[in-house]
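Residue-level structural notes
Read off the chains here:
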Amino acid sequence: MDFGLSGRRRLPTAIKILIAGGFGAGKTTMVGAVSETRTLRTEEALTHVGQHVDDLSGVESKPTTTVVMDFGRITIHSDYMLYLFGTPGQERFWFVWDELTMGALGAVVLADTRRLADCFPSIDYFERRETPFVVALNCFDGARPFTVGEVRQALNLEPEIPIVLCDARRRDSGRDVLITLVEHAMRRGVTPVGTMS
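Conventions we followed
- Residues numbered from 1 in each chain as written.
- Predicted model: local features only at pLDDT ≥ 70, side-chain atom pairs only at ≥ 80, totals over all residues.
- Heavy atoms only, no water.
- Salt bridge = Lys/Arg side-chain N within 4 Å of Asp/Glu carboxyl O.
- Buried < 20%, exposed > 50% of the residue type's maximum accessible area, 1.4 Å probe, protein only.
- Helix = DSSP H or I, 4+ residues; strand = E, 2+ residues; numbered from the N terminus.
- Pairing = 2+ DSSP bridges.
- Arc of directions from axis to C-beta.
- Contact = heavy atoms within 4.5 Å.
- Core = buried A, V, L, I, M, F, W, Y, C linked by side-chain atoms within 4.5 Å.
- Phe/Tyr/Trp six-rings, centres within 6.5 Å; stacked < 30°, edge-to-face > 60°.
- Lys NZ or Arg CZ within 6 Å of the ring centre and 35° of its normal.

**Quick notes on the pattern of salt bridges**
Any two side chains of opposite charge can pair, so long as their charged atoms come close to each other. Enumeration over the complete set of coordinates arrives at 7 salt bridges. Arginine 169 is the partner of aspartate 167 in a salt bridge, and the nearest nitrogen-oxygen pair spans 2.9 Å.

**Description of the pairing of strand 1 (residues 13–21)**
Two faces, one strand: in a regular strand the side chains alternate between the faces of the sheet. Within strand 1, 8 of the 9 residues are buried, which leaves the element mostly enclosed by the surrounding structure. One ladder, built from 5 bridges, connects strand 1 with strand 5 (residues 106–112); its direction is parallel. Each residue of the ladder has a partner; that of leucine 18, found in strand 5, is alanine 107.

**Some words on helix 3 (residues 120–128)**
Ser122, Ile123, Tyr125 and Phe126 are the residues of helix 3 that are buried. Here the buried residues of helix 3 occupy an arc of 160 degrees about the axis, which is enough to place them on one side. In this fold, the buried residues of helix 3 make contact with strand 1, helix 2 (97–101), strand 5, strand 6 (133–138) and helix 4 (148–155). Following helix 3 by one or two positions, glutamate 130 adopts a phi angle in the positive range, close to 55 degrees.

**Focus on the environment of phenylalanine 85**
Positionally, phenylalanine 85 belongs in strand 4 (residues 80–86). Relative accessible area serves as the criterion here: at 14%, phenylalanine 85 is assigned to the buried category. Counting along the chain gives 15 residues from phenylalanine 85 to leucine 100, while the straight-line C-alpha distance between them is 7.2 Å.

**Details of the nonpolar core**
Counting 24 residues, the largest nonpolar core has Ile17, Leu82, Val108 and Leu178 as its most contacted members. Looking at this core, the elements that each hand over two or more residues are strand 1, helix 1 (27–34), strand 3 (64–76), strand 4, strand 5, strand 6, strand 7 (163–166) and helix 5 (171–187). Ranked by the residues each element gives to this core, the list is headed by helix 5, at 5 residues. In this view, valine 108 contacts Leu18, Ile19, Ala20, Met30, Val134, Ala136, Val177, Leu178 and Leu181; residues no more than four positions away in its chain are not counted. Grouped together as the second largest cluster of nonpolar side chains are 23 residues, Leu100, Val135, Leu137 and Leu155 included.

**A word on the packing of aromatic side chains**
In the structure shown here, the tally under the stated rule is 6 aromatic pairs. Relative to tyrosine 83, the ring of phenylalanine 71 lies with its centre 6.0 Å away and its plane at 15 degrees, an arrangement referred to as stacked. Here phenylalanine 71 is found in strand 3, whereas its partner tyrosine 83 is found in strand 4, with 12 residues between them in sequence. Using a relative accessible area of 23% as the deciding quantity, one classes phenylalanine 71 as partly exposed. With relative accessibility at 22%, the residue tyrosine 83 sits in the partly exposed group. In this structure an aromatic cluster arises from ring pairing among Trp97, Tyr125, Phe126 and Phe133. Over the face of the ring belonging to phenylalanine 85 we find lysine 16, whose NZ or CZ atom lies 5.0 Å from the ring centre. Sitting over the ring of tyrosine 125, arginine 129 keeps its end group 3.6 Å from the ring centre.

**Notes on the environment of proline 12**
With respect to the helices, strands and loops of the structure, proline 12 is situated in the segment before strand 1. Note on proline 12: relative accessible area 9%, which makes it buried. Sequence spacing of proline 12 and threonine 75 is 63 residues, and the spatial spacing of their C-alpha atoms is 8.2 Å.

Written out as structure tokens, the structure reads:
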């Protein structure tokens, strides 16, 4: 019996991407800005109980924190369906990273130049697992601008790892970062896992 499947158009390739980085770097903002669907957020209010645990230097006005993940989706050129998983930034939630990383094509490490050292754990994590990643410098208002070369040196990154400037609030900026990651991963020989059924 023919169900007409042979005449069906080709479905987009599903690609899993992580959005990582330090606490307050803009991960939730980026996922929300680029997602074409309403994002799933697992945020909780920051309280005085956590003030001794969470370093709010430079992000004092941050009212919430991601405790599990953020999730969104974006289609690129009708060929790729990107599934975005925003990771929690604080160390006490890192136990979820191993689960989130399984099957991922690569990761965006969002860096806040006001707190650049906060992205070291993300970079170390992806380097140890040989997961392709790019560093996206989230250009916060009022932050001291650094050149890409200065950031590369400060983070001790190899020349082949892309560093891009972005504004996590802007859809087009986030999309360009994601395209840079997919191209970087493919240059490294990593290919998308499979096609959506």
